[in-house]
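# A closer look at the structure
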Amino acid sequence: MTIAASTQLICFFALSAVIVLGALGVVLLSNIVYSAFLLGGVFLAVAGLYLLLNASFVAAAQVLVYVGAVNVLILFAIMLVNKKEDLAPIPGLPVRRLLSGGVCAGLFLLLTRVVVTTPWVSGPTPIGEDATVRIGEHLFTDYLLPFELASVLLLMAMIGAIVLARREVQSVDLVTGEEVDQGLIEKSRTPLLVDQSRG
Amino acid sequence: MLTELLSGSVPLQAYLLLAAVLFCMGVWGLINSRNAVRVLMSIELMLNAVNINLMSFSSYVDGQLIRGQVFSVFVITVAAAEAAVGLAILLSLYRNRVTVDMERFNLLRW
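Residues numbered from 1 in each chain as written. Chains lettered and ligands numbered in written order. Predicted model: local features only at pLDDT ≥ 70, side-chain atom pairs only at ≥ 80, totals over all residues.

### Observations concerning the overall build of chain A
- What chain A contains, in helices and strands, is seven helices and zero strands.
- Going residue by residue from the N terminus, the α and β elements of chain A occur as α-α-α-α-α-α-α.
- Put simply, chain A has 199 residues, and 19% of those count as buried.
- Contacts in chain A between residues at least 24 apart in sequence constitute 43% of all its contacts with a sequence separation of at least 6. (Helix = DSSP H or I, 4+ residues; strand = E, 2+ residues; numbered from the N terminus. Buried ≥ 20, exposed ≤ 12 C-beta atoms within 10 Å, placed from the backbone. Contact = placed C-beta atoms within 7 Å.)

Structure, rendered in structure tokens:
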């Protein structure tokens, strides 16, 4: 066993441990803020796995998009809706959890069987650091249409998110047709984030 | 698989098993979470599991053309769009219902 190979092995197992434990924390921890930060850790560990697989461009994209955008978005959403509420108990919740756990374990066993029994062919040697150039060639030749569609999709998602999350405030008075001060309307509405520290 | 592991190289099956574990945990979280934000996080976990699969196949089976990496880039794009729209829907739901409990989002039930 050479030094490079054993280093790769150790990195793989460390990253796997981070991913599995982090994902368990994301799913099981009761405090959602801890879950969000652990999710960021999981994303970073997955980016490390991509580096192990000779894909530096996708690793950078993973860090930028997932850790930099999606995780921050989730944190902002938590801050906007972080109301402490006691969830009403549901009858049969443990049974439900056990049942779904059984279903997931069954799915995992099925996947494990497929992974172990399939004779995977080993392909040509990976091109390594030229991967970024090859991705660029793909994106502008045979995957050009999906690439352009992705840009349209992102634009649609952006506009859709703005439309959905916008606060609907009338800026024109319906009766008189005059412009209405936005701040007064905001104050007259029931506050969205109720301050619970006083009561 | 074990002989490869003992000789020091990481086999393809190890990556696939890790992705399977991550995917199953994502499914469990998706079914069992009562906080709507956690449901979105579970979806992100599942998307990451799929990405690990694509990347490992691209490295081990398709080493020269790396189509899996291109697919992962597209998956990351769609995941970003999905997260933005999902969280916007969540915000407007919260504005209407003043809760994030999944059990009370039953407007379309009957």
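### Some points on the overall build of chain B
- Each helix and strand in chain B was counted, giving four helices and zero strands.
- Written out in order from the N terminus, the α and β elements of chain B read α-α-α-α.
- In summary, chain B has a C-alpha radius of gyration of 18 Å against a globular reference of 13 Å for 110 residues, an excess of more than 25%.
- Principal-axis analysis of the C-alpha atoms gives chain B an extent of 55 × 25 × 25 Å.
- Split into buried and exposed, the 110 residues of chain B put 50% on the buried side.
- Counting contacts in chain B only where the partners sit at least 6 residues apart, residues at least 24 apart contribute 48% of the total. (Rg over C-alpha atoms; globule rule 2.2 N^0.38 Å.)

### Focus: the environment of Gly68(B)
- By secondary structure assignment, the location of Gly68(B) is in helix H4 (residues 67–97).
- Exposure remark for Gly68(B): the 23 C-beta atoms within 10 Å place this residue in the buried category.

### Concerning the packing of helix H2 (residues 32–52) of chain A against helix H3 (residues 36–60) of chain B
- Viewed as axis vectors pointing N to C, H2(A) and H3(B) meet at an angle of 10°, and their least axial separation amounts to 11 Å. Between H2(A) and H3(B), the angle falls in the class roughly parallel. Along the contact surface, H2(A) presents Ile32(A), Ser35(A), Leu39(A), Val42(A), Val46(A), Leu49(A) and Tyr50(A), while H3(B) presents Val37(B), Arg38(B), Met41(B), Glu44(B), Leu45(B), Asn48(B), Ile52(B) and Met55(B).
- In terms of residue class, the contact of H2(A) with H3(B) is made up of 11 nonpolar, two polar and two charged. (Axes fitted to C-alpha atoms, helices over the stretch in contact; angles between N-to-C directions. Parallel < 35°, antiparallel > 145°, perpendicular 65-115°, else oblique. Nonpolar A, V, L, I, M, F, W, Y, C, P; charged D, E, K, R; others polar.)

### Overview of H4(B)
- With 31 residues, H4(B) should cover 45 Å at 1.5 Å per step; its first-to-last C-alpha distance of 44 Å lies within 8% of that length.
- Downstream of H4(B) by a residue or two, Val98(B) has a phi angle that is positive, lying close to 55°. (Expected span 1.5 Å × (residues − 1).)

### Description of the domain arrangement of chain A
- The domain architecture assigned to chain A consists of domain 1 (1–84) and domain 2 (129–164).
- Just the C-alpha atoms count here: the centres of domain 1 of chain A and domain 2 of chain A sit 23 Å apart. (Domains from an automatic or database assignment.)

### Some details on the environment of Thr7(A)
- With respect to the helices, strands and loops of the structure, Thr7(A) is situated in helix H1 (residues 3–28).
- When the C-alpha positions of Thr7(A) and Val67(A) are compared, they lie 26 Å apart, and in sequence the two are 60 residues distant.

### A look at unusual backbone geometry
- Residue Asn54(A) is not a glycine yet carries a positive backbone phi of 65°.
- Owing to 20 C-beta atoms within 10 Å, Asn54(A) belongs among the buried residues under this scheme.
- Phi is positive for Ile66(B), close to 40°, though the residue is something other than glycine.
- Residue position: Ile66(B) is located in the loop between H3 and H4.

### Description of the interface of chain A and chain B
- Counting residues at the interface gives 74 residues for chain A and 66 residues for chain B.
- Contributing elements (two or more residues each) for the side of chain A that touches chain B: H1, H2, helix H3 (56–81), helix H4 (93–117), helix H5 (131–140) and helix H6 (144–165) of chain A.
- Looking at side-chain class alone, the side of chain A that touches chain B contains 56 nonpolar, 15 polar and three charged residues.

### Details of the confidence of the model for chain B
- Confidence in the prediction of chain B, expressed as mean pLDDT, is 90, and 98% of residues score 70 or more.
- Among the prediction metrics, the complex's ipTM stands at 0.93, with pTM recorded as 0.87. (pLDDT = per-residue confidence, 0-100.)

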